[in-house]
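Take a look at the letters that make up each chain.
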Amino acid sequence: MAKAIVNLDYLKSVYVGRIFNVMADFEIEQGSLVAIGDLVDGQREIYNAAAVTDATAEKVALIASDEVNYDPRKAMWEDFTNEANYPAKAYELNENDEFTISKDGFTGTPEVGKYLITDDGSLKGVIADDLTDGTAFAAKIIKLTTLGFNRTPAIRVQVVKNG
């Protein structure tokens, strides 16, 4: 089963923002939208990552770790996932940031002009026609594109609000 692919097109946090070290007791796919919790017990710099519990109030970060697979049978981006109980990178998202995420990282039918929003209890974004749901995070779909060697269908989004 293919995993989501993410590309950091224009993210402020790559240069001057915050990149969180996060961990969870479950696998986290690239492109997941996570809520940042408290520090992991016994850690100085690793935070708990979790699914959003209140999409109308919680700020999210974007999971995008360096894709390193030591198993040559899993050498494609589509095979990479962030292992449970192992640190991953979560990028702070700001207004006007842009990123691209493959079809495995969201649910719904994408169209330019629609929005990628969060949903309670889910790590994947959801496609919405408009912003009437009142979610704290929203990113507008600005382009339909592809990612990876296999040209997996993807969407490029621009963050319009986060928190």
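Everything that follows concerns the structure shown earlier in this document.
Residues numbered from 1 in each chain as written. Predicted model: local features only at pLDDT ≥ 70, side-chain atom pairs only at ≥ 80, totals over all residues. Heavy atoms only, no water.

S.K.: Would you mind going over the overall build of the chain in detail, with residue names and values included?
M.R.: Secondary structure summary: the chain contains zero helices and 12 strands in total. For the chain, the succession of helices and strands along the chain, N to C, is β-β-β-β-β-β-β-β-β-β-β-β. Taken over C-alpha atoms, the radius of gyration comes to 15 Å for the chain, in line with the 15 Å a tight globule of 163 residues would show. Each of the three principal axes of the chain carries a C-alpha extent, and together these read 40 × 35 × 30 Å. Counting all 163 residues of the chain, 44% fall into the buried class. Counting every atom, the chain has about 8700 Å² of accessible surface; 47% of that belongs to carbon and sulfur. When the 16 basic and 26 acidic side-chain charges of the chain are each reduced to a single mean position, those positions are 5 Å apart. (Helix = DSSP H or I, 4+ residues; strand = E, 2+ residues; numbered from the N terminus. Rg over C-alpha atoms; globule rule 2.2 N^0.38 Å. Buried < 20%, exposed > 50% of the residue type's maximum accessible area, 1.4 Å probe, protein only. Areas by Shrake-Rupley, 256 points an atom, 1.4 Å probe, with all protein chains shown as cover. Lys, Arg positive; Asp, Glu negative; His and termini not counted. Charge placed at Lys NZ, Arg CZ, Asp CG, Glu CD.)

S.K.: Which residues make up the side chain of Gln30, and what values do they have?
M.R.: Along the chain, Gln30 falls in the loop between β2 (19-23) and β3 (33-39). A polar atom in the side chain of Gln30 sits 3.0 Å from the side chain of Asn82. Gln30 has contacts with Ala4, Val6, Ile63, Ala64, Ser65, Glu67, Phe80 and Asn82, leaving out every residue within four places of it along the chain. (Polar contact = N/O pair within 3.5 Å; in protein donor to acceptor, adjacent residues only side chain to side chain. Contact = heavy atoms within 4.5 Å.)

S.K.: I'd love a proper account of the pattern of salt bridges, names of residues and values included.
M.R.: Under the counting rule described, the total for this entry stands at six salt bridges. Between Arg44 and Glu45 there is a salt bridge whose closest N-O contact spans 3.6 Å. Residue classification places Arg44 among the exposed positions, given a relative accessible area of 70%. Residue Lys103 is joined to Asp104 by a salt bridge in which the shortest nitrogen-to-oxygen separation is 3.9 Å. A network of salt bridges, in which partner residues are shared, links Asp9, Glu98 and Arg156. (Salt bridge = Lys/Arg side-chain N within 4 Å of Asp/Glu carboxyl O.)

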